[in-house]
Structure formats: C-alpha cells, structure tokens
Amino acid sequence: MFSSTFCPRNKMKAVLGVAILTLAFVFVSAAALAQDEITIGSLLPMSGDLAPYGKCVQQGVNLAVKHINEAGGPLGMKLKAVFRDSQTDPTALRDGAEKLVNVDKVPAIVGPMIRSDVATPVTAPNHVVIISPSNTPTWVTTLKDDDFTFRTTASDAIQGKVLGELAWELGYKKAAILYINDPYGGGLAESCKEWFEKSGGKVLGQASYDPGKASYKMQLKELAKGAPDALILIGYPESGTVIIRQALSEGLFDQFLFPDGMQSQQIIDSVGGDHLEGMHGTGPGAADNPSYKNYLAEFQKAYGTKPSTAYSENAYDGVVVIALAMQAAGKNALKADPGRAIRDKLREVANPPGEKINASVEDFQKAFKLLADGKAIDYEGAAGSIDFDEYGDTITPILIWKIENRQIVPVRSVIAE
Amino acid sequence: MISYFVSFLIIGSIYAIAALALNLQWGFTGLMNFGIGAFYMLGAYTSAILTSGPTTEHIGGFGLPVVAGFIGAALVSGGVAFLIGFPALRLRGGTFAIALLAIHETLLLVVRNESWLTNGVWGIRGIPRPFFEVVNPKHYGYIYLIIVGGLLLLIYLAIAKAVRSPWGRILRGIGEDEDLTSMSGKNCWSYKMQSFIFGSMIMGIAGAAYVHYTGFVSPQVFNPLMSTFIVWLMVMVGGTGNNRGVIAGAFLVWAIWVGSDFLTDFVPAAVATRIGFIRMLFVGIILGITVLTRPQGILSGEKRN
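Residues numbered from 1 in each chain as written. Chains lettered and ligands numbered in written order. Predicted model: local features only at pLDDT ≥ 70, side-chain atom pairs only at ≥ 80, totals over all residues.

Moving on, we come to the overall build of chain B. Check the secondary structure of chain B and you find 13 helices and 2 strands. Taken over the C-alpha trace, chain B has a radius of gyration of 19 Å; the compact-globule value for 305 residues is 19 Å, and the two agree within 12%. Each principal axis of the C-alpha distribution contributes one length, and for chain B these read about 55 × 50 × 35 Å. Every one of the 305 residues in chain B was classed for burial, and the buried ones make up 55%. (Helix = DSSP H or I, 4+ residues; strand = E, 2+ residues; numbered from the N terminus. Rg over C-alpha atoms; globule rule 2.2 N^0.38 Å. Buried ≥ 20, exposed ≤ 12 C-beta atoms within 10 Å, placed from the backbone.)

To characterise two packed helices, one gives the angle between the axes of the helices and the distance between these axes. Residues and elements named next belong to chain B. At a closest axis distance of 7 Å, the pairing of helix 3 (residues 66-88) and helix 9 (residues 188-214) adopts a crossing angle of 145 degrees. Handedness of the helix 3/helix 9 crossing: right-handed. On helix 9, the residues touching Val66, Gly69, Phe70, Ala73, Ala74, Val76, Ser77, Gly78, Ala81, Phe82 and Gly85 of helix 3 are Met193, Phe196, Ile197, Ser200, Met201, Met203, Gly204, Ile205, Gly207, Ala208 and His212. Its residues assigned to classes, the contact of helix 3 with helix 9 comprises 14 nonpolar, 8 polar and no charged. (Axes fitted to C-alpha atoms, helices over the stretch in contact; angles between N-to-C directions. Left-handed = near helix turned anticlockwise from the far one by under 90°. Contact = placed C-beta atoms within 7 Å. Nonpolar A, V, L, I, M, F, W, Y, C, P; charged D, E, K, R; others polar.)

Before going further, it helps to spend a moment on helix 11 (residues 243-259) of chain B. For helix 11 of chain B, which comprises 17 residues, the first-to-last C-alpha distance of 24 Å matches the rise-based estimate of 24 Å (1.5 Å per residue) to within 8%. Within helix 11 of chain B, 15 of the 17 residues are buried, which leaves the element mostly enclosed by the surrounding structure. (Expected span 1.5 Å × (residues − 1).)

Okay, the sheet that holds strand 13 (residues 398-404) of chain A next. Residues and elements named next belong to chain A. Strand order in the open sheet formed by 7 strands is 7-6-8-9-10-13-14, and the pairing between neighbours is mixed. The two strands at the open ends of the sheet, each matched to only one other strand, are strand 7 (202-209) and strand 14 (407-414). Geometrically, the sheet is characterised by an average inter-axis angle of 25 degrees between neighbouring strands, direction not taken into account. This element, helix 8 (residues 237-249), spans strand 6 (174-180), strand 7, strand 8 (230-234) and strand 9 (256-258) of the sheet and lies at about 165 degrees to strand 8. (Pairing = 2+ DSSP bridges.)

Residues and elements named next belong to chain A. What the domain assignment reports for chain A is domain 1 (36-155 + 291-379) and domain 2 (156-283 + 398-414). Computed over C-alpha atoms only, the centres of domain 1 and domain 2 are separated by 32 Å. Per-class residue counts for the side of domain 1 that touches domain 2 are 3 nonpolar, 3 polar and no charged. (Domains from an automatic or database assignment.)

A few words now on the sheet that holds strand 1 (residues 37-44) of chain A. Residue and element names in this part refer to chain A. Spatially, the 5 strands line up as an open sheet ordered 2-1-3-4-5, and their pairing is parallel. The sheet is open, and its two borders are formed by strand 2 (78-85) and strand 5 (149-151), each paired with just one other strand. Adjacent strand axes in the sheet meet at a mean angle of 25 degrees when their direction is disregarded. Where strand 3 (residues 108-110) meets strand 4 (residues 129-132), 3 bridges bridge the pair, whose relative direction is parallel. For Ala108, the partnering residue across the bridge sits in strand 4 and is Val129. Contacting strand 1, strand 2, strand 3 and strand 4, helix 11 (residues 312-336) runs over the sheet at an angle of about 160 degrees to strand 3.

Turning to the environment of Gly384(A), a few remarks are in order. When you line up the elements, Gly384(A) lands in the loop between strand 12 (377-379) and strand 13. Taking the C-alpha atoms as reference, Gly384(A) lies 30 Å from Pro125(A); in sequence the two are 259 residues apart.

Attention now goes to helix 5 (residues 156-169) of chain A. The periodicity of an α-helix, 3.6 residues per turn, causes residues three or four positions apart to be oriented the same way. Residues and elements named next belong to chain A. End to end, helix 5 covers 19 Å across 14 residues, agreeing with the expected 20 Å (1.5 Å per residue, within 8%). Within the span of helix 5, buried status applies to Asp156, Ala157, Ile158, Gln159, Gly160, Lys161, Val162, Leu163, Gly164, Glu165, Leu166 and Ala167. Just beyond helix 5, the residue with positive phi is Gly171, at close to 95 degrees.

Let us look at the packing of helix 10 (residues 224-238) of chain B against helix 11 of chain B. Residue and element names in this part refer to chain B. Between helix 10 and helix 11, whose axes approach to 7 Å, the crossing angle comes to 125 degrees. Classified by the angle between their axes, helix 10 and helix 11 sit oblique to one another. As for the relative orientation of helix 10 and helix 11, their crossing is right-handed in sense. Seen from helix 10, the contacting residues are Ile230, Leu233, Met234, Val235, Val237 and Gly238; seen from helix 11, they are Gly245, Val246, Ile247, Ala248, Gly249, Ala250, Leu252 and Val253. The class makeup of the residues in the contact of helix 10 with helix 11 is 11 nonpolar, 3 polar and no charged. (Parallel < 35°, antiparallel > 145°, perpendicular 65-115°, else oblique.)

Here it is, written out as structure tokens:
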C-alpha cells in the first residue's frame, strides 16, 4: 500500500543547490567589502510591529553616515552601514546579529531597538559593540555584556523618577497607574510608582492592559476605586486614546499624566475638545539643544519631512560616536581588535572633558582633526549630551511638557541621576 | 561565515524537529494542529524554569540539569496535549484547527500575565546552555549543532520507524479515511490522541532546544507567525507526509526567510526599507509555486496511492 520513504538523489541535489545559492549571496556581499571602507551594522525592525520605527530610525542612521562621510570619514575611510532586519521578532533578531557578526564582520552595531539581551550573547563574545537607540528597560544596565552594550537613550528608571516626582509636584496625592503590558510599560510603571511614593504620594491601584482591545472600562473602573486624583497612563497613542475617551465618558478620571509613549499630537486630536488642556507629561530630549535643532533641519532637508517617530536622533548619535571612537582609536588598534578599540574609546569621545562637538558636518570635521591631534572631545548629541556611564547607559535629559492650546509645549528639561 | 552557517543550521534543525512533529500529526494522522506554538512554548518555558538558576523574578531556580529540562518539556507538553485532547479531538478538520489556535492564544496570555511563573513580558534570561564552559563562547555553535543535529536525527529515526510500524499504518489509515478505519475495528479516538500527544511532546522538545541555544525566552518568540505558521509552511513546501521532505522544507523555508535579508545589500536604499515586505512576497511565491506545481512538496518521492 505505502512504499517506504524514498527520495531520488537528483531532487536532494536540487534542494542542496538552492541552499548553496542562498549562501552565494553571502559570499558576494562579503567580497564587496573594499579596502578603504569601514562597515558598521544596523539591526532594525524593518518588518513586523515596529516597522514604522525601523524605517524612521534607518533614515537617522543613513543621515549620520552621510554627515560623517562629508566630514571626511573616520581615519579618512568611507563609512558604510549594512542593515539587517530584526523583523520585530527575537529569533530573527538573533539571526540578524549572527549575520552582522559572522558574515558582515562589523565591529559595531547600531541597534537593536528592543531586546538588546537577545543580541548580547552573540555580540559580546565576538567583541562587537552594540548601541541601542531605544531600548529603555532598566535591566539593560546589568546585562552580562563585557561592557560591549551601550544605549543612547535614557533608562526607564530615569524617566520613571521624573514622572513620579512630577505627579507629586503637580499636587496629586493619590494616583492610579495603567500601563501597557510590555517591558517598557511594566518597567516604567514600577519606577514611577517607586518615586511617587518616595515623594509622599500613594498609588492606589496599578493595572496593565493589552493594546488593541475595544474596551478598557473594566480596568478603569477598578483603578477608580478610592477616588485617585489622577491616572498615570503609560502606553502608546492608539490604545491610549481609547482609554482616555472611556475614562472621560464614564466620568472616572479627568486628570492624566503621560510618559514619552503618549507624547503625540495624535492623542490631543483624537480625544478632541479641551479635555486634555493643562495635562503634563514627560519624554526624551532637551528643550533647547543646538544639536537637535540642527539635526531636525538636516533631516527635513534630506527627507522632506520631520522624523515620523521617536529615536531616529538617538540612532544618529550612535553612528556618530562609533565613527568618532574609530578616529580616536587609530588605524592600528582598529586593525587588531576593532570592536574592543571602539568600545574603549566611546567614553572618551562622548563624555567630558574636551571640546564640545555638536551634531553638524563642520563640527565632525573639527572633531576628526582634534582627535588626530590627540586632543579630547565631548560629543553633544542630537538626543542629548550622550555621556556614557560605567554600564554603557547615558543620562539624557528628560523633557517635561504640557498641553496648551491643543499643542504639546515644552516646559523644562530635567537631568535626573 | 562558517559560524553564521552553523547558527543557521541550528535554528533550521529546531524548526525541522517541530516540522517532523507536525508531519506526524497532520501528514499522517490528519490532525490540523494550528497550535504548534502552544506546545513549543510550553516546552520552552518548562525547560527554562526547571534549569535556570535561582532568581527572585519568577518561580524557579531549580537549577536542574539540561537533560531534565528536555524531559520535563516533553512531559508537560504531552500532558497538556492529553488534557486538551479530550475536548479538542471531538472536533475534526477546520474546527480542530481553530480550537488549537485559540488555545495557543490563551496560553500566550497566561504566559504574558502570570509573572510569578514566567516573569511575564520580560522573559527569562540566563538559561543554561549545555557544555557552554567547554569552549570559547565564540565557537559554542559547533557544540550545539552536534546536540541539536543528533536530536533531529534521533527524532527523525523514531518517527520514521513509528510510521512504518502497524501503529503508524493505523495513523495513516485515520489520515486517509477515519470512518473506514473505524469500521475496521480500530479505536480511532485513542490513536488520534496518541499521535497528538507524541507530536506535541516533540514540539515541546523543539522548544527546549530553542531556549538552551539562545539562553533566553520571552512571549514574543511564540507569536503565531514565527511559531505556528512558519512550521506549516515548512511542512507544505517540504511535502506533507514525507519526513525527509519536511526536514528539507524546514531548511529551505528558513533559508529564504533569513537569506532574503542579504538582498538588502544589492538594492537601492529606497527599496531596502521595504525588504521585509519583499521577503513575505518571496515566501508567498514559493508556497504558490509549490502548491501549483508540486502539491506533494519538493521531495515528492513517496508514492501515496
């Protein structure tokens, strides 16, 4: 009735052929590496849930590469970025890291946007620096990474502190926290609660939500028990607006406080009316930073629009500090162990002391020259001052904003430890 | 270069193990399991919790040897399959598939929210990797390739032998025509249950193999696309009911899935941003071509009358 499994040889060969063809791509791409070029990697979500972020961050990376090359390039070499798709998926992210490390053989990677901890076991043993533009959770600080993992964005612990203290400062005594059920929401909720209670406030209730649901009334009703003064809503605009509308229409909350994820014109427009007038929030960035202003202008010139999502400036800074560190390391160190050479110089070029370098082609030219002369520099990035601490974290300023005349306006920026 | 190929083969082998399990359930017994991710996840988390070291973040810190993790993964996946089997196996075909899909989503919600058990959305890090201390971490892939390759071979041989045995013939009979097999005096329900449990245990083992390679697990790993549908794709491209075929299918689909990324280097930057979508197009085209020209899969050596 059934013959046993039998497979003709030629078909097996056909399968092998396809596999070899795929590998041929790999060889060609590796052979394309020219002598006076230096390649860095970028591991970004080009597909999947975070694809809109990935696209915008990629523009930031490309802009930085362009500026660095216009300034002459590190050690006179041409900087090039290869992109690998993390697909917003841990398995693909790991595979992308393997590609960058073992096929493209890059010394440094800008990325991943989330889950640095998946890439670290691949990159750290191979001495590859990773600089995440956006991975905010607190645990990134303590990863076992041999100091090869950096980020150009502030830890959630810092924003949580500012958010918690802001809530107290605004006169709220009792608050409820509703947060999106992901590492960002959970981490921020925890540190916000900690600092709000340290200031003297009391968190009456804390609940998580999953995005994309039609109704959040159940959580809201639960949180409204004990009549808290305000709802601290940690999430993203899409479900966030649904939550605000339902909280307002049910008369459960009329005071809200928002973190960076909700720092979007979209929430004001979708909720409508003057319901959100005077509400406060926090987010990354400095209110008046010449680097950021210059970055915005250059971005607009290159792509014709403002950055559509956050974190493109953080990626820009990541590329720039890598290039500056290459220049500082010098050709010999870069040849011996490029990843380690870059790692060892990152703090030198990004932290004080030294001449302040802003984000512009002229300043990069100046920086390359100063470094060649053995002088110290301190890069002041588009996303903040970019000073790496001993864990590879940066302390970037946190912006406090409020909603005034249906616009998000900066109030002041705080530098928290 | 070689290191990357090794890492490719490891993930490919893990998927091949899951594909073999699905082939047993669907290819031979006709069980349309759309909940592969559920058993893959159960295995992964069971092994992760059993073997990881002391922690305050979630239950665990048992620090058991990795082998115990694999056994636990198989037992828990099999046990849950047994429990689910009672209601689910009353359903046939499409309804069975929908039920399993729903069970996957339910279990995923449990894993995301029960932080005391699974550390929720943060996931579990620092899961032990067998023989990790033996070599330079740079070259660890080679060791693990031997482990997972051996596992794949073992499971392949076991399934190949099982489906050729009288037991396997009954499964095939159920797959071809359940009523007819029932009329021959076989207890179809019992055999379906056995096939379901056996296949699910293997999926659990695939999950354990995943976590002990990456040293990491989070609910994101088990989204339906990357844990269920990709395995279906592998089985369909490779050849339903053909064990060697589905192994080849697993490697081929994974090669296209991750290999298409290299296309980015050859296209202009404006197109490069869309490469993710182009990959999906490729995968769709390949599936389309296979279904149209080789409905039996790329290795259609096996004759089924």
